[in-house]
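# Examination of the molecular architecture
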Amino acid sequence: MKRGIAALMMTIAILFSGLSLAAHHSFAAQYHSNKPITLKGDITRIEWANPPIYFYIDVAESGGGTVHWAIEGGAPSTLYRAGWRKGSAKVGDVVTVAGFVARDGSKLVNMQRALLADGRNLFVGNQTYYQKGR
């Protein structure tokens, strides 16, 4: 009986750990590390979700019109420890984002750094790329 319960508990643990692993993605699998991009635009929406936050910006095109980009940032807990709160950036703020484009060609960027118009750093992501001097 004890072995049966232990086996059931182990099976449940394995199943739930697989769900957690599937929820996260590899940077290398989703983004081009050799295709950096810098975008400047107005924040249109912010989603403080876990594990990464997302915000969305409208970027003006040279030929007219705008392109809507999704920006993936860090985890809310990391940003909170760095001093950021939900009110640190607002819809309508102008932000310049440096990061890497998605491999699938979508308008998605993995943010490495961001700067508000007033000079404040915003939602600092993984800095390893920049620390390596690339």
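Here, every reference points to the structure presented above.
This one's a predicted model, so the numbers in the text were calculated from it and none came from an experiment.

## Some words on the pattern of salt bridges
Counted under the stated rule, the structure contains 2 salt bridges. Between E47 and R45 there is a salt bridge, with its nearest N and O atoms 2.8 Å apart. Overall, the relative accessible area of 41% leaves R45 in the partly exposed class. Of the charged contacts in the structure, one is a salt bridge between D118 and R120, with a shortest N-O distance of 2.9 Å. Residue classification places D118 among the exposed positions, given a relative accessible area of 54%.

## Brief notes about the side chain of S88
Relative to the elements of secondary structure, S88 occurs in the loop between α3 (76-81) and β4 (94-102). Judged by relative accessible area, S88 falls into the buried class, the value being 12%. Within the structure, the side chain of S88 is placed 2.9 Å from the backbone nitrogen of R85, a separation counted as a polar contact. When residues no more than four places from it in sequence are discounted, the contact partners of S88 are G83, L116 and R120.

## Observations regarding the nonpolar core
In terms of nonpolar packing, the biggest core is built from 21 residues, with F55, I57, W69, I71, V95 and V97 touching the most fellow members. No other element matches the 4 residues that strand β5 (residues 108-116) contributes to this core. Sequence-distant contacts of V97, defined by excluding residues within four places in its chain, comprise I37, T38, L39, F55, I57, I71, V109, M111, R113 and A114. In terms of nonpolar packing, the next biggest core, distinct from the first, is built from 6 residues, Y56, A70, F100 and L108 among them.

## Focus on the pairing of β5
Among the 9 residues that make up β5, 7 are buried, leaving the element largely enclosed by the rest of the structure. In this sheet, β5 lies alongside strand β3 (residues 66-72) in parallel orientation, the contact comprising 3 bridges. In the sheet register, I71 faces β5, and the bridge partner there is V109. Here β4 runs beside β5; their pairing, made up of 7 bridges, is antiparallel. Paired with A98 across the strands is R113, a residue of β5. Hairpin connection, β4 to β5: the antiparallel pair is bridged by 5 residues, and G105 has positive phi, about 85°.

Procedures and definitions
- Residues numbered from 1 in each chain as written.
- Predicted model: local features only at pLDDT ≥ 70, side-chain atom pairs only at ≥ 80, totals over all residues.
- Heavy atoms only, no water.
- Salt bridge = Lys/Arg side-chain N within 4 Å of Asp/Glu carboxyl O.
- Buried < 20%, exposed > 50% of the residue type's maximum accessible area, 1.4 Å probe, protein only.
- Helix = DSSP H or I, 4+ residues; strand = E, 2+ residues; numbered from the N terminus.
- Polar contact = N/O pair within 3.5 Å; in protein donor to acceptor, adjacent residues only side chain to side chain.
- Contact = heavy atoms within 4.5 Å.
- Core = buried A, V, L, I, M, F, W, Y, C linked by side-chain atoms within 4.5 Å.
- Pairing = 2+ DSSP bridges.

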